[in-house]
Amino acid sequence: MSSSRLRIDPSTLLPSIQTFGELNQFLRGAKADKETARMGESMAALAAQIEAVVAGLQQGAVRSDLAPALMDLLTHLRHHRTVVIGLSPAWRGLYEYASYLSALNNFRVLIGQWLIEGAEQVELAITIENFELIAWRTLGEGMLMIDMYEQWRSRRQGESSGNAGDTSLERAKSWWSKLRR
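Being a predicted model, the structure only gives us computed values, none of them experimental.

What counts and how
- Residues numbered from 1 in each chain as written.
- Predicted model: local features only at pLDDT ≥ 70, side-chain atom pairs only at ≥ 80, totals over all residues.
- Heavy atoms only, no water.
- Helix = DSSP H or I, 4+ residues; strand = E, 2+ residues; numbered from the N terminus.
- Buried < 20%, exposed > 50% of the residue type's maximum accessible area, 1.4 Å probe, protein only.
- Areas by Shrake-Rupley, 256 points an atom, 1.4 Å probe, with all protein chains shown as cover.
- Core = buried A, V, L, I, M, F, W, Y, C linked by side-chain atoms within 4.5 Å.
- Contact = heavy atoms within 4.5 Å.
- Expected span 1.5 Å × (residues − 1).
- Phe/Tyr/Trp six-rings, centres within 6.5 Å; stacked < 30°, edge-to-face > 60°.

Considering the overall build of the protein chain
And then number 1: From N to C terminus, the protein chain includes seven helices and two strands.
And then number 2: Secondary structure of the protein chain in N-to-C order comes out as β-β-α-α-α-α-α-α-α.
And then number 3: The buried share among the 181 residues of the protein chain stands at 36%.
And then number 4: Of the roughly 10,900 Å² of accessible surface on the protein chain, 55% is carried by carbon and sulfur atoms.

Some points on the nonpolar core
And then number 1: Residues Met 39, Ile 50, Leu 73, Ile 111 and Phe 131 are the most contacted members of the largest nonpolar core, which totals 36 residues.
And then number 2: At the level of secondary structure, the elements contributing two or more residues to this core comprise helix H2 (34-58), helix H3 (63-85), helix H5 (95-120) and helix H6 (128-162).
And then number 3: For this core, the element with the most residues is H3, which contributes nine residues.
And then number 4: Leave out the neighbours within four places in its chain, and Met 39 touches His 80, Val 83, Val 84, Leu 87, Trp 91, Tyr 100, Met 145 and Ile 146.

Some points on the environment of Tyr 100
And then number 1: Inspection of the secondary structure puts Tyr 100 in helix H5.
And then number 2: In this structure Tyr 100 comes out as buried when scored by relative accessible area, which is 0%.
And then number 3: Separated by 44 residues in the primary sequence, Tyr 100 and Leu 144 have C-alpha atoms spaced 8.6 Å apart.

Digging into H2
And then number 1: The terminal C-alpha atoms of H2, which comprises 25 residues, lie 36 Å apart, in line with the 36 Å expected from a rise of 1.5 Å per residue.
And then number 2: Among the residues trailing H2, Gly 60 stands out with phi positive, at a value near 70 degrees.

Remarks on the packing of aromatic side chains
And then number 1: Applying the stated criterion across every chain, the model contains four aromatic pairs.
And then number 2: Aromatic pair Trp 91 and Tyr 149: ring centres 3.9 Å apart, planes at 15 degrees, arrangement stacked. Of the two residues, Trp 91 sits in helix H4 (residues 89-92) while Tyr 149 sits in helix H6, which places them 58 residues apart along the sequence. The two residues Trp 91 and Tyr 149 agree in class, both being buried.
And then number 3: Judged by centre distance (5.9 Å) and plane angle (45 degrees), the rings of Trp 114 and Phe 131 are tilted. Taken together, the residues Trp 114 in helix H5 and Phe 131 in helix H6 connect sequence positions 17 residues apart. Comparing Trp 114 with Phe 131, the two get one shared label, buried.

These figures capture arrangement, not role.
Have a look at this one:
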C-alpha cells in the first residue's frame, strides 16, 4: 500500500488528524472515483459546519447564538445523509455503510434533542466535550467507510488486472487441477 495521506504522529508513528480542518483537507483528497469524490466533498462540508459549531462552543456562545449554527448543521447532516443513501450498491454492501448511516442518524437525533432541551431550559444542554466526541465518532465512521471502499476497489482492480482474459470458470479449473496433482 502507498504511504498514508494523513500526517504521521511522531510519538505513535500512526496516521493522525487533530482538527476538523485537517479532516476537511483529508476528505478533499479522497477522490479515487466519482462517488468517493462526492462523499469526500460532502463529508468535508459537514466537517466545516461542525467546526463552526465547535468554534461557537469554544467562545462560550449563548443558546440564541448557537441554535442557528446547530440548525445549519442539521441541514448539512440531512443533505449528507441523502448523499450516503444515494451511493451505489458496492458501498451499501460494506459493513461500515450501515454503521456510518446509524452514526449519522444518531448524531442528527442528538442535535435535535439538544435544540429542544435548549428551548425548554435556560441553558443549552450541550458541552464542547460531548459535542466533539459525537462529531469525531460520526466522522470517523465515515472515514472508515471511505477507506474500506477504497481498499475494496483496489483489491477488485488488482484482481481484474492480474487475471486479464481469465474467466472465473478458467480460474476455478486451474485451481482444481493444481489440487489434483
